[in-house]
Amino acid sequence: MDTVIVLLNRDLRVHDHPALAAACAEARRVVPLFVLDPSVPAGRRSGFLAESLADLRRSLRERGGDLVVRRGDPVAETVRLAREITGGADGGSTGVVEAVHVSADVSALARRRERRLAEECERHRMGFRAFPGVTVVPPGAVTPSGGGDHYRVFTPYWRAWQTHSRREVLPAPARVTLPEGLDPGVPPPGHPHRPHELFRGGETVARRRMRQWLKYCVADYAAGHDDLAGNRTSKFSPYLRFGCLSPLELASLAEDGDDFVRQLCWRDFFHQVTMAFPAINRADYRPRGLTWNDDAEALRAWKEGRTGLPIVDAGMRQLLEEGWMHNRARLLTSWFLVKRLRVDWRAGADHFFGLLLDGDVANNYGNWQWVAGTGNDTRPNRTVNPVRQARRFDPDGEYVRRYVPELRNVPPKTLHEPWRLPSGVRGYPPPLVSPA
DNA sequence: CGACGCTTACG
DNA sequence: GTAAGCGTC
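Conventions used here
The written sequence of each chain sets the order in which its residues are numbered from 1. For naming, the first written chain is A and the first written ligand is 1, with later ones following in the order written. Local features are withheld for residues below a pLDDT of 70 in this predicted model, meaning they are given only at 70 or higher, and side-chain atom pairs are given and counted only at 80 or more; totals for whole chains, interfaces and linings count all residues. As a rule here, side-chain values come from all non-hydrogen atoms in the structure, and water together with hydrogens is ignored. Where each domain starts and ends comes from a domain assignment, either automatic or drawn from a database. Should any heavy atoms of two residues lie within 4.5 Å, those residues are counted as being in contact. Once two parts are put together, the accessible area they lose, assessed with a 1.4 Å probe and summed over both, is termed the buried area. Comment: elements are numbered from the N terminus, with helices defined as DSSP H or I runs of at least four residues and strands as E runs of at least two. Three exposure classes are used, based on accessible area relative to the maximum for each residue type with a 1.4 Å probe and protein chains only: buried under 20%, partly exposed in between, and exposed over 50%. This count recognises Lys and Arg as positive and Asp and Glu as negative, with His and chain-terminal groups excluded. The salt bridge criterion pairs a side-chain nitrogen of Lys or Arg with a carboxyl oxygen of Asp or Glu, the two atoms within 4 Å. Any two of the Phe, Tyr and Trp rings considered here, Trp counted by its six-membered ring, make a pair once their centres fall within 6.5 Å; the pair's planes then place it as stacked at under 30 degrees, edge-to-face at over 60, or tilted in between. We call a charge positioned over a ring when the NZ of a Lys or the CZ of an Arg lies within 6 Å of the ring centre and within 35 degrees of the ring normal. Put simply, a patch holds well-exposed residues, over 30% relative accessible area, that have no salt bridge, with like charges counted together within 9 Å and Val, Leu, Ile, Met, Phe, Trp or Tyr side chains within 5 Å. To be clear on the numbers: accessible area is Shrake-Rupley with a 1.4 Å probe, and residue cover counts the displayed protein chains and nothing else. To locate a charge, take NZ of a lysine, CZ of an arginine, CG of an aspartate or CD of a glutamate.

Participant: Any chance you could break down the domain arrangement of chain A for me, citing the residues and the numbers?
Facilitator: Looking at chain A, the domain boundaries give domain 1 (3-133), domain 2 (135-166 + 205-276) and domain 3 (296-427). A straight line from the C-alpha centre of domain 2 to that of domain 3 covers 24 Å. In this assembly, 20 residues from domain 2 lie in contact with 23 residues from domain 3. Summed over both sides, the interface between domain 2 and domain 3 buries roughly 2000 Å², with carbon and sulfur atoms accounting for 59% of that surface. On the domain 2 side of the interface with domain 3, the three residues burying the most area are Asp226, Leu228 and Phe270, jointly 37% of the side's total.

Shown next as structure tokens:
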């Protein structure tokens, strides 16, 4: 083949990238393309995205190529670039674009884009191929043996997923050759919205962290991942969100980290649910006729981390400050909004989606519906006692004190229940509702 | 082969 | 309570 365009999206890496690897193996020239779509602003994720793109450009340049950046509608820009390279009435052909590659994704938006791209490719007599790479096991690759297009319950999926055969982990391409004279375009500038040094974007940082964590930390994951104050989770989620890391490579390197691999399986699980139910971010997966309180004041207090329940407020403030929240805190904060304040899960999920560096449709909305009882949980009326959970997972109150400075001088015994102090705590609100 | 019911298991 | 998996008809 002469030239292939690889339209990148949430696969910003060179290692284990099937769409890129196939292009490099099959075509003389490869155009790695990223299109910044102004109709889908990255918001809080824009800084992380900018860093990931800058890093990807460095990696591609080291291999003799480049990252080509355009702005506009990804489908229109891909076609425009293909025609520019292949040459039109004004001549100047630098190659013949024969195919467009993408990494297959699951959200309604992504799938609509893929369908449009496939149509446009056909119209312009180019091939179109969607490759795996966003999940460990491609969505739809394992289905219930009794029929059905996807698994609705996690545990049977986990069993099937573990025994399913996997593709090989692919090396980064040794060389990437661009067509001559192509304008590489200008990547987005760095952005003030990089809330925390913990999350510098890009594959290079991600791989360094992956190696370190697999070597020194994964063994402690099972015992430590629920410890709210300790940094004992991987914090890979933003890197997985943007594809700076390959989930397949992670899963195969973490052979002995069963509990960690299980979390990667949850990610795959929600991706295959989203593929089968693309309205997951708006519609109840399992309608249960629930009614919600339209309580703007309570919602605002929750968003700002002033519900008066310390463990909830700590989590919500970690989200505001860092663009990330500990998994256990995500459970407690979302449970409190949905089950205690009885606010619609969509309002909470949209808030998380806007602020989380790792915010993606499948995981965010899938987990919110799980908590709300409209999702894949087989026990939709599960109850959680946030004070008991706080005592268990933040026994010294270190997590609460870190994010809720008003409570720093409250003794550990009452830290998780400051309303028990006879005079309360100055500057900290009384609880909006009783916690359980 | 598919509908149905039974058993098992479920964050 | 509900889904998966399997055996049976």
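Participant: Which residues make up the environment of Gly243, and what values do they have?
Facilitator: Its place among the elements puts Gly243 in the loop between helix 8 (237-241) and helix 9 (247-253). Sequence spacing of Gly243 and Ala223 is 20 residues, and the spatial spacing of their C-alpha atoms is 27 Å. Every residue in contact with Gly243, bar those within four places of it in the chain, is listed here: Arg10, Asp11, Leu12 and Arg13.

Participant: Tell me about the side chain of Asp394, residues and numbers included.
Facilitator: Residue placement: Asp394 occurs in the loop between helix 16 (386-393) and helix 17 (398-403). No salt bridge is formed by the buried Asp394. Its closest oppositely charged neighbour is Arg401, at 7.1 Å. The residues contacting Asp394, other than those within four sequence positions of it, are Leu228, Ala229, Ile311, Gln389, Tyr399, Val400 and His416.

Participant: Quick one: what's the story with unusual backbone geometry, residue by residue and with numbers?
Facilitator: Residue Lys235 is not a glycine yet carries a positive backbone phi of 55°. Among the structural elements, Lys235 can be located in the loop between helix 7 (218-224) and helix 8. You can call Lys235 buried: its relative accessible area is 7%. Positive phi, normally seen in glycine, also occurs at Arg342, with a value near 55°. Looking at where Arg342 falls in the secondary structure, it is placed in the loop between helix 13 (327-340) and helix 14 (345-355).

Participant: Please set out the packing of aromatic side chains residue by residue, giving values where relevant.
Facilitator: Each aromatic ring pair is specified by the distance between its two centres and by the angle formed by the two planes. Summed over the entire model, instances satisfying the criterion amount to 23 aromatic pairs. For the pair Trp158 and Trp161, a centre-to-centre distance of 5.8 Å together with 25° between the ring planes defines the contact as stacked. Taken together, the positions of Trp158 and Trp161, both in helix 5 (residues 154-163) and three residues apart, correspond to about one turn of that helix. Residue Trp161 is classed as buried on the basis of its relative accessible area, which comes to 0%. Members of the aromatic cluster, each reached through a chain of ring pairs, are Tyr151, Phe154, Tyr157, Trp158, Trp161, Trp266, Phe269 and Phe270. Over the ring of Phe353 we find Arg45; its NZ or CZ atom is 4.8 Å from the centre of that ring. The lysine or arginine in question, Arg241, covers the ring of Phe242, its NZ or CZ lying 4.5 Å from the ring centre.

Participant: Just give me the short version of a negative patch on the surface, but keep the residues and values in it.
Facilitator: On the surface, a cluster of negative charge is made up of Glu255, Asp256, Asp258 and Asp259. The residue Asp258 is located in helix 10 (residues 258-276) in this model.

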